[in-house]
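Take a look at the letters that make up each chain.
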Amino acid sequence: MNLLILGRGKTGSLVAEVAAKRMHTVRTAGSKENSACAALTPEKLRDIDVVIDFTGPHCVVAHIEACVRAGKNMVVGTTGWHGELDRVRRFVEEHKTGFVYATNFSVGVNLFFDVARSAAAALRHNYSGQIFERHHVHKKDAPSGTALTIQRIVREASGQNDDLEITSFREGEVVGLHELVLESANDRIYLCHDAKSRRAFAEGAVLAAEWIAGKKSFYDFKDVWREL
Ligand SMILES: NC(=O)c1ccc[n+]([C@@H]2O[C@H](COP(=O)([O-])OP(=O)(O)OC[C@H]3O[C@@H](n4cnc5c(N)ncnc54)[C@H](OP(=O)(O)O)[C@@H]3O)[C@@H](O)[C@H]2O)c1
């Protein structure tokens with residue numbers, strides 16, 4: 001496939017590396033060449049099969065609008081924009097393009113989401129819950145999108161809406177650590193996912209791009225990763 005990767009930062013550059021290893025033709029664009037979506041005109045996107053975005057919350061929605069308007073399928077890993085999810089979903093559906101997004105493209109984290117969903121039953125049995133997340137000091141959003149997803153999953157699965165506070169730590173170069181702690185008067189359950197490198201995000205994003213090619217709908221990676 002011909003892939004355009006937006007963002008040449010910590011994650012985007014790894015996505016480019018993984019995609020090239022999987023024999024895709026890769027073009028990349030950083031903030032300079034893509035100022036005001038300059039790299040996302042219909043002409044520039046003509047040969048592109050899927051656009052993958054790992055940029056920032058300030059620009060990602062404009063990227064989505066430009067790519068979807070040009071009829072291009074997308075994989076969006078950038079976080080910090082999910083307040084606009086419903087509007088973006090309608091936009092994608094109106095334009096009949098394919099779209100996969102995730103707060104976390106790691107298969108391990110998506111398995112962790114399933115474990116958290118199952119453990120959520122504790123909140124109906126006199127447990128209280130807390131979420132802790134640790135990331136590197138350069139991370140722009142807090143709490144992390146992944147922590148917010150864990151919170152939403154546990155709330156939905158338990159039917160309990162209060163409680164479940166998220167505490168964020170920013171230190172050093174931590175790739176991403178998420179803990180769900182469930183505590184009762186009698187015991188404490190710790191669930192923890194600790195990312196060792198960003199490669200899992202990059203591999204998941206490239207697999208998602210391969211999967212979404214030719215499809216026309218709006219998907220959350222957590223619902224489709226088992227099919228990849
Ligand atoms: N879903 C997941 O699995 C997952 C995993 C990791 C990270 N993320 C998210 O992905 C995003 C990027 O993370 P990161 O750690 O890779 O950040 P990063 O190292 O800061 O990289 C972001 C890159 O985006 C570029 N950029 C900014 N505006 C742009 C634009 N308009 N067009 C093209 N490129 C632009 C920046 O380029 P300049 O430096 O030239 O400005 C920078 O290289 C964040 O939102 C993060 O939370 C998601």
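The shown structure was predicted, so the numbers you read here are calculated from the model rather than taken from an experiment.

1. Description of helix α3 (residues 85-95)
Working step 1: Buried residues of α3: L85, V88, F91 and V92, and no others. The arc that holds the buried residues of α3, viewed along the axis, is 125 degrees, so those residues lie on one side.
Working step 2: Those residues of α3 that are buried lie in contact with α2 (60-69), β5 (99-101) and β10 (218-220).
Working step 3: Taken from the residues just after α3, K96 is the one with a positive phi, measuring 55 degrees.

2. A look at the pairing of strand β9 (residues 188-194)
Working step 1: In terms of strand pairing, strand β8 (residues 177-183) meets β9 through seven bridges, oriented antiparallel. Opposite V181, over in β9, you have Y190 as the bridge partner.
Working step 2: The turn linking β8 back onto β9 is made up of four residues.

3. Topic: the pairing of β8
When a strand is regular, its side chains alternate between the sheet's two faces.
Working step 1: Most of β8 is tucked away, with five of its seven residues classed as buried.
Working step 2: When strand β6 (residues 128-135) meets β8, the two strands line up antiparallel, connected through seven bridges. Bridged to I131 within β8 is L180.

4. Some thoughts on the packing of aromatic side chains
Working step 1: Applying the stated criterion across every chain, the model contains seven aromatic pairs.
Working step 2: Centre to centre, the rings of W81 and F99 are 6.3 Å apart; their planes meet at 80 degrees, and the pair counts as edge-to-face. Note that W81 is positioned in the loop between β4 (73-76) and α3 and F99 in strand β5, a separation of 18 residues in sequence.
Working step 3: Residue classification places F99 among the buried positions, given a relative accessible area of 0%.

The rules we used
Residues numbered from 1 in each chain as written. Predicted model: local features only at pLDDT ≥ 70, side-chain atom pairs only at ≥ 80, totals over all residues. Heavy atoms only, no water. Buried < 20%, exposed > 50% of the residue type's maximum accessible area, 1.4 Å probe, protein only. Helix = DSSP H or I, 4+ residues; strand = E, 2+ residues; numbered from the N terminus. Arc of directions from axis to C-beta. Contact = heavy atoms within 4.5 Å. Pairing = 2+ DSSP bridges. Phe/Tyr/Trp six-rings, centres within 6.5 Å; stacked < 30°, edge-to-face > 60°.

By themselves these figures say nothing about function.
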